[in-house]
Structures are given as C-alpha cells and as structure tokens.
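Architecture at a glance
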Amino acid sequence: MADQEKEILEEEIMEEGQTAEGQPEDAAEESLREAAENGTEEPDGGEASAEDAAGDAPEGEDPKTWAEKRAAKKQAKQDKKADAAKEKITELEDRVKRQLAEFENFRNRTEKEKQAMFETGAKSVIEKILPVIDNFERGLATVPEEQQSDPFVDGMNKIYKQMMKELENIGVKPIEAVGCEFDPNLHNAVMQVENEELESGTVAQELQKGYTYRDSVVRHSMVSVVS
C-alpha cells in the first residue's frame, strides 16, 4: 500500500514539474509570435521613416547620401502639395474677385436703370403740368392793366409764381428763345419771318415756351425764325 501511494505521489510531482516547465516555453513562444507579427507591421512614420533610415541604403551607396536623397524627395513631395494648395487658393480668390466685380457692375447698372426710370416718370408728370402753366400765362396775359391789382388776379398771379418756383426747385427751367440763335436741339421752328433788325437764323418770336428738366429737353420751344 505504501509503495502504491509513493508511486502516485511521484507521478503528481512529475506532472507538476512538466506543467511548470511548459509555462516558460509557452510564454517564450507567445513572445516570439508577437515579435514576428509586430515586425511585419510598418512603424510610425510609414515609408518616409524607412526611406530616411541610413540602414536602408543600397549596397555601395553612402548611408548619409542615401538619407539626404530620401529627405530631399520627401521635401519635394511636400513642396508640390503646397504649390497645388496655393494654386487652388489663388483660383478661388480670382473667382471671388470676379464675382464681386460682376455684382458691382450689376449694382451700378441697376442704379442707372432706376435713375432712368425716375427721370422718365418725372418728365411724364412735368409734361402734364406744362399745359396748366400755359393756361395760367394766357389767362394772366389777357387781364387789363387796370385790373392787375384786383385781389382775384393777384391771387392767381401768386399761385402761378409758386408753381414756377416749385418747378425750378426740381430742375425745370424755361428755354431761352427770342433773340437767340436757332438751335434745333432746343427750338422747333414753325415759320420763317422777315426782320431787318435781327440776323438770319435768329429766333424772332416765341409761340409756345419750351422747358428743360435737368439739362434734358421736356418740351421744345415753338418759335418763328428770321429767314
């Protein structure tokens, strides 16, 4: 019985020894496997780190020269990327400048169109007011001298002057005609007359007064010209 227990005890000791000895071997194998796996992976820095290392120099090539060549190649790549980025930035800046210039031209063109529309509307209103002014002048011209101080005539005269003053304030002015040289841009000749006191081509009589609005003719003067 003692011999059997002794054999069992020896077997257990041998098994424990094998297990203890197997652990370092397994750890060593695991370490070797991890090292092998890590060795196949590229270190941080990628291709540039491997190329810049002097140990990668080909046989017969100076390691320092080889490293300098690799560094120069890497720098050339970076410079190329930087030049491409600068070119893209310049292109975008030019595009923005063109768009700003187009917007400025559009704004100026719109402003001119608005001004032209305003001028056209103002001329249309002035043309409608001018016949009223003509009627005032015709009516006041028929008032006898002895009735000029009449309150009614005086009131009409003041209204007429007020209207002329307001037209002048907005840029409406009468065209000078009598005694001036005939100008087809300002005058509309409806007849020719004989007049020894005036030179040929001079306006002798104004039949209807003409007006300008901001240096633009609203209505030409209707005149007679010395032949």
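Refer to the preceding data block for the structure.
For every chain, the first residue of its written sequence is number 1, and the numbers climb from 1 along that sequence. Restriction of local features to residues with pLDDT of at least 70 applies here, the model being predicted, together with a cutoff of 80 or more for giving and counting side-chain atom pairs; totals for whole chains, interfaces and linings are based on all residues. Neither water nor hydrogens contribute to the side-chain values; these are computed over all heavy atoms in the structure.

1. Quick word on the overall build of the protein chain
Secondary structure assignment for the protein chain yields four helices and six strands. Helix and strand assignments come from DSSP, with helices taken as H or I runs of at least 4 residues and strands as E runs of at least 2, each series counted from the N terminus. Helices and strands appear in the protein chain in the N-to-C order α-α-α-α-β-β-β-β-β-β. Residue burial in the protein chain is summarised as follows: out of 227 residues, 16% are buried. Across the protein chain, contacts joining residues at least 24 apart in sequence account for 58% of those joining residues at least 6 apart. Accessible area for the protein chain stands at about 17,700 Å²; split by element, carbon and sulfur atoms hold 52% of it. Exposure classes here rest on a 1.4 Å probe applied to the protein chains alone. A residue is buried below 20% of its type maximum, exposed above 50%, and partly exposed in between. Any two residues having at least one pair of non-hydrogen atoms within 4.5 Å are treated as being in contact. The Shrake-Rupley method, run with a 1.4 Å probe sphere, supplies the accessible areas, and residue values consider only the shown protein chains as cover.

2. Side note on the sheet that holds strand 6 (residues 221–226)
Spatially, three strands are ordered 2-6-3 in an open sheet, and the strand pairing comes out mixed. Two strands in the sheet have a free side with no partner beyond their single neighbour: strand 2 (187–193) and strand 3 (203–208). For this sheet the average axis-to-axis angle between neighbouring strands, irrespective of direction, equals 30 degrees. Only strands that DSSP links by at least two bridges are regarded as paired with each other. Of the strand pairs in this sheet, strand 2 and strand 6 are connected by six bridges, and their pairing is parallel. Each axis is a line fitted through C-alpha atoms, and for a helix only the stretch in contact is used; angles between axes span 0 to 180 degrees, taken between their N-to-C directions.

3. What about the pattern of salt bridges?
Any carboxyl oxygen of Asp or Glu within 4 Å of a side-chain nitrogen of Lys or Arg constitutes a salt bridge here. For the structure shown, the criterion picks out six salt bridges. Salt-bridge contacts for K158 lead to D154; the nearest nitrogen and oxygen are separated by 3.4 Å. A residue pair is termed a helical-turn pair when its members lie 3 or 4 positions apart in one helix, as K158 and D154 do in helix 4 (residues 151–169) at four residues. On the basis of relative accessibility, which here comes to 33%, the residue D154 falls in the partly exposed class.

4. Points about the packing of helix 3 (residues 63–141) against helix 4
Angle between the axes and distance between the axes: these two values describe a pair of packed helices. At a closest axis distance of 11 Å, the pairing of helix 3 and helix 4 adopts a crossing angle of 145 degrees. Once helix 3 is placed against helix 4, the crossing between them reads as left-handed. Judged by residue contacts, I129, V132, I133, F136, E137 and L140 of helix 3 engage V153, M156, N157, I159, Y160, M163, M164 and L167 from helix 4. In this classification, Asp, Glu, Lys and Arg are treated as charged, Ala, Val, Leu, Ile, Met, Phe, Trp, Tyr, Cys and Pro as nonpolar, and every other residue, Gly included, as polar. A breakdown of the residues in the contact of helix 3 with helix 4 according to their chemical character gives twelve nonpolar, one polar and one charged. Note: crossing handedness is left-handed where the near helix turns anticlockwise from the far helix by less than a right angle, and right-handed where it turns clockwise.

5. Here's the deal with unusual backbone geometry
Despite not being glycine, R214 shows a phi value in the positive range, around 55 degrees. Within the secondary structure, R214 is located in the loop between strand 4 (211–213) and strand 5 (216–219). Classification of R214 as partly exposed rests on a relative accessible area of 44%. Backbone geometry at D215 places phi at a positive 65 degrees, although glycine is not the residue there. Here D215 falls in the exposed class, since its relative accessible area comes to 81%.

6. Topic: the environment of H187
Of note, H187 is situated in strand 2. Separated by 34 residues in sequence, H187 and S221 have C-alpha atoms that sit 4.7 Å apart. Those residues in contact with H187 that lie beyond four places of it in its chain are I175, E176, A177, E181, F182, V203, H220, S221 and V223. By the criterion applied in these results, polar contacts are pairs of N or O atoms within 3.5 Å in which, for protein atoms, one can donate a hydrogen and the other can accept it, and in which residues neighboring in sequence qualify only through two side-chain atoms. Here the side chain of H187 touches E176 through a polar contact of 3.1 Å, landing on its backbone oxygen.

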